[in-house]
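Residue strings, one per chain:
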Amino acid sequence: MEPESQGAGTGVKPFTPQEAREIIQTLRQPAVFTDMVGDWPAMRWTSVYLSSLLGENLLRFRIGRRKAQLAPQFETECEYVNGTLQQFHDWIRSTSQNLPEPFDNFNISDYWGYADYKYLSAIFHNRPEILQDILWADFGFPGRDGKESTLWVGSSGANTPCHIDSYGCNLVLQVEGRKTWHLFPPEDTTYLYPTRIPYEESSIFSKVNVVHPDWCRFPLFSKARPYVVTLHPGQVLYVPRRWWHYVESIDDITVSINTWTELDSDHEARVEEAITRMVVCAFKSTDLSSNIQDWLNPTEGEVTSHETNLLYLNQALAMYADHEAKKVEDVQRTQDPPLKRNKLTTDTASNVDLSVSSPPPFGRHLLSVMPSPPRSDLRGAGTDNIAFAGDQCQALNSETTQVVSSQWHETASPNQSVTSDDVLECLVNPQVIHLVSRLLLKKIS
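Described in the following lines is the structure provided in the data block. Predicted, not measured: the structure shown is a model, and the values here were computed from it.

## Considering the environment of R62
- Relative to the elements of secondary structure, R62 occurs in strand 2 (residues 59-65).
- Classification of R62 by relative accessible area gives buried; the value is 1%.
- In sequence terms R62 and G154 are 92 residues apart; their C-alpha atoms lie 9.2 Å from each other.
- Among all residues touching R62, those that are not within four sequence positions of it are Q73, E75, C78, E79, Y80, W112, G113, Y114, D116, N159 and T160.

## Let's talk about the sheet that holds strand 5 (residues 150-155)
- The strand order across the open sheet formed by 9 strands is 3-2-4-5-14-7-12-1-15, and the pairing between neighbours is antiparallel. Edge positions in the open sheet fall to strand 3 (79-83) and strand 15 (366-368), since each of these has one partner strand only. Here the average twist between neighbouring strands, direction ignored, is 25°.
- This element, helix 2 (residues 47-54), spans strand 2, strand 5, strand 7 (169-176) and strand 14 (253-261) of the sheet and lies at about 75° to strand 14.

## Observations concerning the sheet that holds strand 13 (residues 244-249)
- Taken together, 6 strands build an open sheet; the order of strands is 9-10-6-13-8-11 and the sheet is antiparallel. Each edge of the open sheet carries a strand with a single partner, namely strand 9 (194-200) and strand 11 (227-231). In this sheet, adjacent strand axes meet at a mean angle of 35° when their direction is disregarded.
- The sheet contact formed by strand 6 (residues 159-165) and strand 10 (residues 203-206) spans 3 bridges and is antiparallel. Paired with H163 across the strands is F205, a residue of strand 10.

## Thoughts on the pattern of salt bridges
- Applying the stated criterion to the full structure yields 21 salt bridges.
- E273 is the partner of R196 in a salt bridge, and the nearest nitrogen-oxygen pair spans 3.0 Å. Taken as a pair, R196 in strand 9 and E273 in helix 5 (residues 266-285) lie far apart in primary sequence, 77 residues in all.
- Residue classification places R196 among the buried positions, given a relative accessible area of 4%.
- Note that E272 is salt-bridged to R242, the shortest N-O span being 3.6 Å. Of this pair, E272 sits in helix 5 while R242 is found in the loop between strand 12 (236-239) and strand 13, placing the two residues 30 residues apart along the sequence.
- Here the salt bridges share partners, and the residues they tie into one network are K13, D39 and D138.

Definitions and limits used
- Residues numbered from 1 in each chain as written.
- Predicted model: local features only at pLDDT ≥ 70, side-chain atom pairs only at ≥ 80, totals over all residues.
- Heavy atoms only, no water.
- Helix = DSSP H or I, 4+ residues; strand = E, 2+ residues; numbered from the N terminus.
- Buried < 20%, exposed > 50% of the residue type's maximum accessible area, 1.4 Å probe, protein only.
- Contact = heavy atoms within 4.5 Å.
- Pairing = 2+ DSSP bridges.
- Axes fitted to C-alpha atoms, helices over the stretch in contact; angles between N-to-C directions.
- Salt bridge = Lys/Arg side-chain N within 4 Å of Asp/Glu carboxyl O.

If you want it as structure tokens, here you go:
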């Protein structure tokens, strides 16, 4: 008999929804919640159960090669097939002699498959009651369920290239199988060689294959500090804002569900993303030698025009201005006397946290993800081999110089001509975009 849907907070949990929310707001590094989802109906969402729900409904699977490479396997370099979950199951259990359609061109020993980033509200659009199986309210987000969640179903070896999410923070429920997460703090951005090609509106990718690095091209990666954790069924991983992550399925089949929770900082992030879209599309749309399949991530629908991108940017700027004005009004309405009100208004507008938070209660029910020991395969990628071409970037703001210099070290040599892509890469570097965003926001304030 299948369990009946239970409400948030049902059963004995180590943390109340309010406590879980406060912990999430306090955490500054990844952590794993245990014993929080045992009564969730979504825990029955194995691939077999989902296959019975979806029947003949087709999912799009990303197909990648298992062979280790020094370069990341971006989504633009994968192949795609449409199939049912049952066909996916049959493929995983197949041999080279009995490959099922539509996977018959991909030997399971050489390829992996991933139905990733599937919005549950689209998959179950005609059965909204199923979305109530996911109870993010237990983590202090009332009203949040499957409508705001995405599904990930993969075979062993299926992976997501190392990237950071532009918006929010991430809660990930592991339902079936295990996944290994390689996470890097925001301070390591320089060492991960960020790129906006392939372009996706909400993701910044790393040029580095973090499990098989090319130390010759990316020597600064030796300074990165990986936090590695294997997520088991029934566990929920919290990924803080702007933490890099590479994710790989370990077992024959894995099922995960995640949600991105909104943050105050998302308003400025939308401005930054709108600027990035405008610059990338402007450069790439005029490059006759550029193939759209090579630079536009498959998750993006189409190349938008300059006029549309300018509209997006102005809308993002207006939303940011409205949000900041509302914050100031809220503080002024609740604070007294006026002198204190002005001080608090200034602090709030600067995103200063005035509260004093207690340390997270790490233990059996909340596991801290710790930094991994230094790698043994650096192969001479120490500081002696790390050179900067700082003289290339003296005109830039000082906070962006190190990042852009590291990209020059990787992409150009003194005798090499600079290409349009080299210029684009520097322009859309996250820290350069952040600087442009701040200048625009100052202009409209």
